[in-house]
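Chain by chain, the residues:
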Amino acid sequence: MAEIKDDGKLAWILRSGWKGCCPRCGKGRMFASWLKIAPECGECGLDYRFASPDDGPAFFSLCIVAFPLTFLVVWFQVAVEPPMWVHLFTSVPLMMAGCLLPLRPIKGWLVASQYVNRAQEAGTEKLWARLHNQASGNAFGD
Ligand SMILES: [Zn+2]
């Protein structure tokens with residue numbers, strides 16, 4: 001199987017993660033529901049058991065979105081000094097959306113990058129070998 005260039009990899013990871021589609025064929029769906037990874041790809045049969053992003057999505061969501069938003073909210077409080085009820089209608093929904101909305105694309109990116117970079121954890125080598133032996137309809141070509 002030919003290795004694709006790093007920038008091609010990144011574009012592929014971003015695309016399949018953002019759309020929540022299969023990192024191998026790019027057609028099937030990665031998610032069974034909002035944040036639940038499907039057992040396998042409906043198009044090419046990729047087994048998603050390799051996917052183990054664990055707390056990654058929550059961690060990245062916190063770092064990328066929640067911390068900057070917290071600074072924004074604190075700035076809003078210091079600069080404008082709004083009454084507390086204003087925060088109920090501005091800061092609270094903003095923080096909720098800011099923490100929840102990025103979870104799915106981030107999870108998709110982590111799973112896609114696990115597949116593309118073949119991130120291995122101890123004990124999954126056999127599963128990986130099996131997955132790549134049956135990878136005939138590979139999106140990257142052989
Ligand atoms: Zn697929």
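Residues numbered from 1 in each chain as written. Predicted model: local features only at pLDDT ≥ 70, side-chain atom pairs only at ≥ 80, totals over all residues.

1. Digging into the overall build of the protein
To be explicit about the condition: Only runs of H or I of at least four residues qualify as helices and only runs of E of at least two qualify as strands under DSSP, and these elements are numbered from the N terminus. Think of it as a crowd count around each C-beta: if 20 or more other C-beta atoms lie within 10 Å the residue is buried, if 12 or fewer it is exposed, and in between it is partly exposed, with C-beta placed from the backbone throughout. By the convention adopted here, residues are in contact when the distance between their C-beta atoms, placed from the backbone, does not exceed 7 Å.
Helix and strand counts for the protein come out as 6 helices and 0 strands. For the protein, the succession of helices and strands along the chain, N to C, is α-α-α-α-α-α. With 142 residues in all, the protein has 20% of them scored as buried. Taking contacts inside the protein between residues at least 6 apart in sequence as the whole, the part at least 24 apart equals 63%.

2. Remarks on the packing of helix H2 (residues 56-80) against helix H4 (residues 91-100)
Short version of the rule: As a rule, the C-alpha atoms of each element are fitted with a line to give its axis, helices using only the stretch in contact, and angles between N-to-C directions run from 0 to 180 degrees. Orientation labels follow simple angle bins: below 35 degrees gives roughly parallel, above 145 gives roughly antiparallel, 65 to 115 gives roughly perpendicular, and whatever is left gives oblique. Crossing handedness is read from the near helix: turned anticlockwise from the far helix by less than a right angle, it gives a left-handed crossing, and turned clockwise, a right-handed one.
Relative to each other, H2 and H4 sit at 170 degrees, their axes nearing to 9 Å. In this view, H2 runs roughly antiparallel relative to H4, as classed from their interaxial angle. Two packed elements cross with a definite hand, and for H2 against H4 that hand is right-handed. Contacts from Ser 61, Val 65, Ala 66, Leu 69, Val 73 and Phe 76 in H2 reach Ser 91, Leu 94, Met 95, Gly 98 and Cys 99 in H4.

3. Concerning the nonpolar core
If you look at soluble globular proteins, the nonpolar side chains tend to sit buried side by side. Cut-off, in case you're wondering: Any set of buried Ala, Val, Leu, Ile, Met, Phe, Trp, Tyr and Cys residues joined through C-beta atoms within 7 Å is what this text calls a nonpolar core.
Core analysis: the biggest nonpolar cluster contains 15 residues, and Cys 22, Met 30, Ile 37, Trp 109, Val 111 and Ala 112 have the highest contact counts within it. The element contributing the most residues to this core is helix H5 (residues 103-117), with 6 residues. Trp 109 has contacts with Ile 13, Leu 14 and Gly 17, leaving out every residue within four places of it along the chain.

4. Section: the confidence of the model for the protein
As a general rule, the predicted coordinates of low-pLDDT regions are not to be interpreted in detail. Filter applied, for reference: Within a predicted model, pLDDT stands for the predictor's per-residue confidence, ranging from 0 to 100.
With 84% of its residues at a pLDDT of 70 or more, the protein shows a mean pLDDT of 83. In the model of the protein, helix H6 (residues 125-133) stands out as the element of lowest mean pLDDT, 71, in contrast to helix H3 (residues 84-89), which has the highest, 92.

5. A closer look at the packing of H2 against H5
The contact between H2 and H5 brings their axes to 9 Å, and the two run at 125 degrees. In terms of orientation, H2 and H5 fall into the oblique class. Pair H2 / H5 crosses with right-handed handedness. Residues Gly 56, Pro 57, Ala 58, Phe 60 and Ser 61 of H2 touch H5, and the partners they reach there are Leu 103, Ile 106, Lys 107 and Leu 110.

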